[in-house]
Amino acid sequence: MTLNRMLILLVTTLVSLEGLAQATRARVDVFCTDQKAKIGKVTASSGSHSYSMGWRKDNPDIGRVLTFPANEEWKSYEIQIVPDSDGKIVVQFKGDWTKEPEERKKIQAVYDEVEVEGATLLNGSFEDLDDLGMPKHWSVGDKKKFLSEGRVLVSPSKAAEGNVFVRTWHDHHISQTLTVLKGETITIRFKTRAPAIY
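Residues numbered from 1 in each chain as written. Predicted model: local features only at pLDDT ≥ 70, side-chain atom pairs only at ≥ 80, totals over all residues. Heavy atoms only, no water.

1. Let's talk about the overall build of the protein
- Secondary structure summary: the protein contains 3 helices and 11 strands in total.
- Taking all 198 residues of the protein together, the buried fraction comes to 48%.
- Considering only contacts in the protein between residues 6 or more positions apart, those separated by 24 or more positions represent 73%.
- Total accessible area on the protein is roughly 9800 Å²; 52% of this is exposed by carbon and sulfur atoms. (Helix = DSSP H or I, 4+ residues; strand = E, 2+ residues; numbered from the N terminus. Buried < 20%, exposed > 50% of the residue type's maximum accessible area, 1.4 Å probe, protein only. Contact = heavy atoms within 4.5 Å. Areas by Shrake-Rupley, 256 points an atom, 1.4 Å probe, with all protein chains shown as cover.)

Structure (structure tokens):
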């Protein structure tokens, strides 16, 4: 293990142990990579809210936004998608949106134990890390900033399972792309809660 990675793991372990969790709303965006495609039928667990991507004036049905209540305890949720066509769908985990940027940063959520049936998702536990400490097979907008802000957390006592989980907000999300087939249901299961520190 490199010294750089050891420092990242130490910092993120300390971050994960501080503070008190506050209620929030976790958010998962699911959308097609084909700009002209429509996502299809999307349903989710009780307590969730779902709406189209209205800011996409050309194609608001390219995806769905789903939000879920989150508090200090890990809770399991499920999303089901019946795609309208063969192709690729991005699954993006984040915090909910609000207009005020500083307030938006406070709406954070942590995630662990992502599982998918009907498509292939890799490293859903986030346990497999690269040399920098980033979960392999997952994408973020700015890898260095994601890591420097302590968004990959290493804490066996705080993770839902294993040692590693991730902390997100709307502008710093984490995602993976799935290959899907028309009419074949995919089920996405995950665990989320409010973070221990903002």
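From this point, the narrative continues.
2. Concerning the sheet that holds strand S11 (residues 186-193)
- Taken together, the 6 strands give an open sheet; going across it, the order is S2-S5-S11-S7-S9-S8, and neighbouring strands pair in antiparallel fashion. Where the open sheet ends on each side, the last strands, each with one partner, are strand S2 (41-44) and strand S8 (152-154). Strand after strand, the sheet turns through a mean of 30 degrees between neighbouring axes, direction not considered. (Pairing = 2+ DSSP bridges. Axes fitted to C-alpha atoms, helices over the stretch in contact; angles between N-to-C directions.)

3. Some words on the confidence of the model for the protein
- Chain-level pLDDT for the protein is 89 on average; 87% of the residues reach the 70-or-more range.
- A low-confidence stretch, residues 10-20 stays under pLDDT 50, and its non-local contacts, those more than four residues away or across chains, total 23 contacts. (pLDDT = per-residue confidence, 0-100.)

4. Quick word on empty space enclosed by the protein
- Applying the stated criterion to the full structure yields 2 cavities of 30 Å³ or more.
- In this structure, the largest cavity encloses a volume near 60 Å³.
- The wall of the largest cavity is formed by 13 residues, among which Cys32, Ser85, Asp86, Gly87 and Lys88 lie closest to the centre.
- At 3 residues, strand S6 (residues 87-95) tops the list of elements feeding residues into the lining of the largest cavity.
- The residue makeup of the lining of the largest cavity, split by class, is 6 nonpolar, 2 polar and 5 charged. (1 Å grid on protein atoms, 1.4 Å probe; cavity = no way out; pocket = protein on both sides within 12 Å on 5 of 7 lines; lining within 4 Å. Points joined across faces, edges and corners; volume = space filled by probe spheres on them. Nonpolar A, V, L, I, M, F, W, Y, C, P; charged D, E, K, R; others polar.)

5. Section: the packing of aromatic side chains
- Applying the stated criterion across every chain yields a total of 9 aromatic pairs.
- With 6.0 Å between their ring centres and 35 degrees between their planes, Tyr77 and Phe190 make a pair best called tilted. With Tyr77 in strand S5 (residues 75-82) and Phe190 in strand S11, this pair connects stretches of sequence that are 113 residues apart. With respect to burial, Tyr77 and Phe190 carry one shared label: buried.
- Seen in terms of ring centroids, Phe93 and Trp138 are 6.0 Å apart; in terms of plane orientation they differ by 65 degrees. Their pairing is edge-to-face. Of this pair, Phe93 sits in strand S6 while Trp138 sits in the loop between strand S7 (109-117) and helix H3 (143-148); the two residues are 45 residues apart in sequence, bridging distant segments of the chain. Trp138 matches Phe93 in its accessibility class, with the two residues each being buried. (Phe/Tyr/Trp six-rings, centres within 6.5 Å; stacked < 30°, edge-to-face > 60°.)

6. Re the pattern of salt bridges
- Counting across every chain of the model gives 13 salt bridges.
- For Asp96, the salt bridge identified is with Arg27, shortest N-O distance 3.8 Å. Residue Asp96 is found in the loop between S6 and helix H2 (101-106), and its partner Arg27 is found in strand S1 (residues 24-32); the two are separated by 69 residues along the sequence. Neither Asp96 nor Arg27 differs from the other in exposure class; each is buried.
- Taking the shortest distance from any N to any O, the salt bridge between Asp171 and Arg104 comes out at 3.5 Å. (Salt bridge = Lys/Arg side-chain N within 4 Å of Asp/Glu carboxyl O.)

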